[in-house]
Amino acid sequence: MQKAVVANSANAPLLQQEVAVKAGRLTKVRPYLYVLPALLFFSAFFFIPILYIIYLSVFDWSLLNLEEMEWVGWQNYADLLSDADFHQVLLNTMLFTVATVVLGIGLSFLLALWLNQKRKLVAVVQASVFSPHIISLVSVSMLWMWLMDPQYGLLNALLEFIGLPAYTWLADTKSALLSLVLVSVWKVVGYNTIVFIAGLQSIPKDLYEAAALDRSTRWQTLRRITIPMLSPTLFFLLITNTISSFQVFDTISIMTQGGPVNSTNMLVYYIYEQGMDYYNGGLASAASVILLGLVGLLTVFHFWTMRKRVHYR
Amino acid sequence: MQQVVKKYNNQTVVKGLDLVIPDGSFTVLVGPSGCGKSTTLRMIAGLEEITAGDLLIDGQRVNDLAPGKRDVAMVFQNYALYPTMNVFDNIAFGLLNRGFSKKDCKRMVEEIAEIVGLSSYLQRKPAELSGGQRQRVALARAMVKKPRVFLMDEPLSNLDAKLRNQMRVELTSLHKQLGTTFIYVTHDQVEAMTMGDQIVVMNEGEIMQKASPFELYQQPANLFVAQFIGSPAMNILPTDKESIGFRPEKAMLTAGSARTIQPAAGFVDHGRIVAREILGSDVLYYVSGRAGKIIARKAADELLAEGTEVTVSVAAEHLYRFDQETGRALSVAAIKQESLPSGGLG
Amino acid sequence: MHQSTRVAARWIEAVLLVAVALVFVFPFLWMFLTAFKTMPEVYQFPPTWLPETWQFANFETAWSSGPFLRYVINSVLVAIGVLIIQLLTAVPAAYAFARYRFRGRNFLFGLALIALMIPPQVIFLPIYVELSHMGLINTLWSLVLPYGASAFGIFLLRQAFMQVPDEVIEAARLDSASEWKIMWRVMVPMAKPVLVTFGLFSFIYHWNDYFWPLIMTNSDEVRTLPVGITMLKAAEGGKQWNVIMAGNMMLVLPILAIFFFAQRHIMKAFVYQSK
């Protein structure tokens, strides 16, 4: 409710007026006071670092000696862009992301269509499929290293059992990246599936009833109702899965250390190696800024489409 | 005399109210939805900022006092109980905030619970109570603070009809028992008439009339009050300059167009009964007359059939006259012969 | 006839469902089985299913190969510490966003939403530099403070607070409760399910986290369990899979236990991000 603010204190004693002003000030300041602690943390560990990393990326510096920083302008970026290793890193990141996102979302979409049932057995299966998502990537990585062990691993034993040749898994440049994709997909499918199922269940039932009365085939119903109604969920998963694939680190650090021959080195691991192991802070900062740009673009895109959707409704 | 005084000068929702609520009264604010009655109540409570003007309680200006410091208590339409606290804690919350010791709280809560009959429910959560019980908790929570003013915002509207009647009686007797000022908001005129000793009728942010229930019915100050109070509403027949009005129960119906009318009749019209509603003891007749549509209420001793030609007559002392532009009531003495509708004076 | 084909179809579907579940659960089972095998049995090809002798000594070997008690204590301290600070910052902020109108509210809330989208891996380097200027590198603070404000927590709690009816807050104001008290005594208890949801989410995330402690710590006194367990692998030359798997059980079992008891809450917590 809106009211015109009319000052009418001609008959109020001066003292009371002052008290009123003070009380008014407190109520005006209170919301900011409440937001302040969170804002301080966000500033210190989010907004300032974002600006700081851009600043750091135009210096030559190292974690060994933070006092000595030399201004080099665009040199770090130039170095990065002419570095064949970094090209490889970018290519790996892109390949890994596309494969993980396409497989992770495709499989989970099919699973969700299947597992969107109210049977008890299905509930157990849903929980099972979801369970890898809450397990530490450390354990997942080690577990899969063991499963993928070329000589004694379970996977090769199974391949042999069905008469197929043993696979190289993490040991070969050709198969290592794919193996990492497999682990990531295995971990994320459950989460995606549950999100898809939540999306499916929010589609009004009467839409399906209307379609059934219109003698819509299963395929038509899927194409004309389910997929369009699920598009916000699909879009959300595309963005978040892409962003988290950009961040892949734990599996690389534990399973491959970027190898063999740089074939699984990706952006965050590259930044980590350059900054923490090779003490090349400038290069690491420049690579961070590039990653920040990619994630930032996706975020802006995400908010932009979200706002557009709000308008349509 | 201690008195509660409120003066507002609000621009939009509530337009410059001037209202004195005597200490110890049961004042009812009544009006159609959106008339500003709830806003007025919430301003008294301090939940709504007062844009301009002064609000005085016991002669003290309280405009800028926080709600919790005004020494008022409020019963909300949806009770607004704290769902995570049990009944005891719900009632004790306000006391503890006012710095009463745990021991005093316990004693006071138990006392109140005894009065409203909740003693055996103190450990229950609101979700485990019936609507009527929740209502009592809300009442107890307000009463325990022994406030100077009780504010009630349509507290009975969520109860079923039977319980509502019962609570109505309980509230009035509670008021007599406590002797505290009650300010009660409702849109239901029956509630207003039966409970209040002072009724304030509001419309579009303005006070239409402030009077006792009897006076309100007998001497409505304007067209709005005349039509808002009473069921069915007062018959209003517009003429050139004024409107005349009369209560349905004051209209005499005589079958046929016989000219046998009492000499005292102030208003006469002929028409036909187009519909009737049998209420039991009474019958409502809808008459389409020359002057307009008329509702008459008669005892159900004899029934007149639909379609019957009737003569409607009203004694002069039961006629109300209103200014057509302002809607203000005109005194009966101001009746002018020529302005009456075609029926003419008997 | 029709009846029996339907029964058959149902059975086939059930078998397929179990097969799908096994794809995701069996690796954990394999971890469990390996943890009880002897070294010779681990390196047997083709592998055996059940351990020939259940060897519990692997757990002792794993536990005594490093200061694991320290790791566990650190992990718990960090996960609980983060959660406490997150709640202390998120509750007032969420209350302000949900209940007050103030200039800049939408802008500030927008900032929080951005923080929700950008993961810490992107900006760990400047935070490391910051923390080393403050002298906090290699302390538990370096694991707790950067996570002091949770955008997700603010977002969740704001939703919950917005659903509390105005009347309840007004009743509390008339009951002379201060804003601070209304927030903690009236609103927070009403948001309890959401608090549990968020608490589980936050605890699991930080219990599992490997990246941040790896970056910020370099000595055993402040390392957490996930980093400690990778030390196990390095220390044992990457070959004693039975001991490594036994070590990992320490990391996995608490989470699986929580998941078993609070499955619904947890799945809701993680799925909530999509809304």
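Residues numbered from 1 in each chain as written. Chains lettered and ligands numbered in written order. Predicted model: local features only at pLDDT ≥ 70, side-chain atom pairs only at ≥ 80, totals over all residues. Heavy atoms only, no water.

## Considering the UniProt feature "transmembrane region" (unreviewed entry) in chain C
Residues and elements named next belong to chain C. Rules: UniProt positions are given in the numbering used here, feature names are shortened, and annotations may be inferred rather than shown by experiment. Helix and strand labels come from DSSP, where a helix needs a run of H or I of at least four residues and a strand needs a run of E of at least two; each type is numbered from the N terminus.
The positions that UniProt labels "transmembrane region" (unreviewed entry) are, in the present scheme, residues 12-33, 71-95, 107-128, 140-161, 182-207 and 241-262. Here residues 107-128 runs as 73% helix and 0% strand, with 28 Å between its end C-alpha atoms. Helix makes up 96% of residues 182-207 and strand 0%, with an end-to-end C-alpha separation of 32 Å.

## Thoughts on the packing of helix α8 (residues 151-162) of chain C against helix α11 (residues 192-208) of chain C
Residue and element names in this part refer to chain C. Stated precisely, the cut-off is as follows: Under this scheme, a helix contributes an axis fitted over its contacting stretch, all axes are lines through C-alpha atoms, and angles between N-to-C directions fall in the 0 to 180 degree range. Orientation categories follow fixed angle ranges, with anything under 35 degrees roughly parallel, anything over 145 roughly antiparallel, 65 to 115 roughly perpendicular, and all other angles oblique. Handedness of each helix crossing follows the sense of rotation of the near helix against the far helix: counterclockwise by less than a right angle gives left-handed, clockwise gives right-handed. For this analysis, residues touch if any pair of their heavy atoms sits within 4.5 Å.
Two numbers describe how α8 lies on α11: the axes approach to 10 Å, and their chain directions differ by 170°. Taken together, the axes of α8 and α11 are roughly antiparallel relative to one another. The hand of the α8/α11 crossing is right-handed. For the pair α8 and α11, contact is made by Phe-152, Gly-153, Leu-156, Leu-157 and Ala-160 and by Val-194, Leu-195, Phe-198 and Phe-201, respectively.

## With respect to the interface of chain C and chain B
The extent of an interface is frequently quoted as the accessible surface area lost upon association of the parts. Note the following rule: When two components associate, each loses some accessible surface as probed by a 1.4 Å sphere; the sum of these losses over both components is called the buried area. Here, a salt bridge means any side-chain nitrogen of Lys or Arg that lies within 4 Å of a carboxyl oxygen of Asp or Glu.
Contact with chain C, which involves 15 residues of that partner, is made by 24 residues of chain B. In total, about 1700 Å² of surface goes out of reach between chain C and chain B, with carbon and sulfur atoms giving 59% of it. Looking at the side of chain C facing chain B, the largest losses of area belong to Glu167(C), Leu174(C) and Asp175(C), adding up to 42% of the total buried there. Linking chain C to chain B there are two salt bridges.

## Some details on the sheet that holds strand β12 (residues 242-246) of chain B
All names here are of chain B. Note the cut-off: For two strands to be treated as a pair, DSSP must find at least two bridges joining them.
A sheet is described by the order of its strands in space; here four strands give the open sequence β11-β12-β18-β19, paired in antiparallel fashion. In this open sheet, the two edge strands, each paired with only one partner strand, are β11 (235-238) and β19 (329-330). Taken together, the four bridges between β12 and strand β18 (residues 320-323) define a ladder with antiparallel strand orientation. The partner of Gly-245 across the bridge, within β18, is Tyr-320.

## Examining the interface of chain A and chain C
Rules: Polar contact is the term for a pair of N or O atoms within 3.5 Å; when the atoms are in protein, one must be able to donate a hydrogen and the other to accept it, and sequence-neighboring residues count only if both atoms are side-chain atoms. Classification convention: Asp, Glu, Lys, Arg as charged; Ala, Val, Leu, Ile, Met, Phe, Trp, Tyr, Cys, Pro as nonpolar; all other residues, Gly among them, as polar.
Each side of the interface is counted separately: chain A has 88 residues, and chain C has 91 residues. Of the roughly 8100 Å² buried between chain A and chain C on both sides combined, carbon and sulfur atoms contribute 80%. Broken down residue by residue, the surface that chain A buries against chain C is led by Tyr34(A), Phe45(A) and Trp146(A), which jointly contribute 10%. Here chain A and chain C share one salt bridge between them. With a shortest N-O distance of 2.9 Å, Glu13(C) and Arg119(A) are connected by a salt bridge. Scanning the region where chain A abuts chain C turns up 11 residue pairs in polar contact (both at pLDDT 80 or more). Among the elements that make up the side of chain A that touches chain C, the one with the highest residue count is helix α1 (residues 14-56) of chain A (20 residues). Taken together, the residues of the side of chain A that touches chain C break down into 64 nonpolar, 19 polar and five charged.

## Examining the UniProt feature "transmembrane region" (unreviewed entry) in chain A
Residues and elements named next belong to chain A. Those residues carrying the UniProt feature "transmembrane region" (unreviewed entry) are residues 32-55, 89-114, 121-146, 177-201, 221-240 and 278-304 in this numbering. Here residues 89-114 runs as 100% helix and 0% strand, with 37 Å between its end C-alpha atoms. Secondary structure within residues 121-146 divides into 77% helix and 0% strand; the distance between the first and last C-alpha atoms comes to 30 Å.

## Examining unusual backbone geometry
Residues and elements named next belong to chain B. Put simply, the test is: With a 1.4 Å probe rolled over the protein chains alone, any residue whose accessible area is under 20% of its type maximum counts as buried; one over 50% counts as exposed, and the rest are partly exposed.
Located in the positive-phi region is Ala-80, a residue other than glycine, with phi close to 50°. On the basis of relative accessible area, Ala-80 is assigned to the buried category, the value being 3%. Even without glycine at this site, Glu-204 takes up a positive phi of about 45°. Locating Glu-204 in the fold gives a position in the loop between β9 (198-203) and β10 (206-211).

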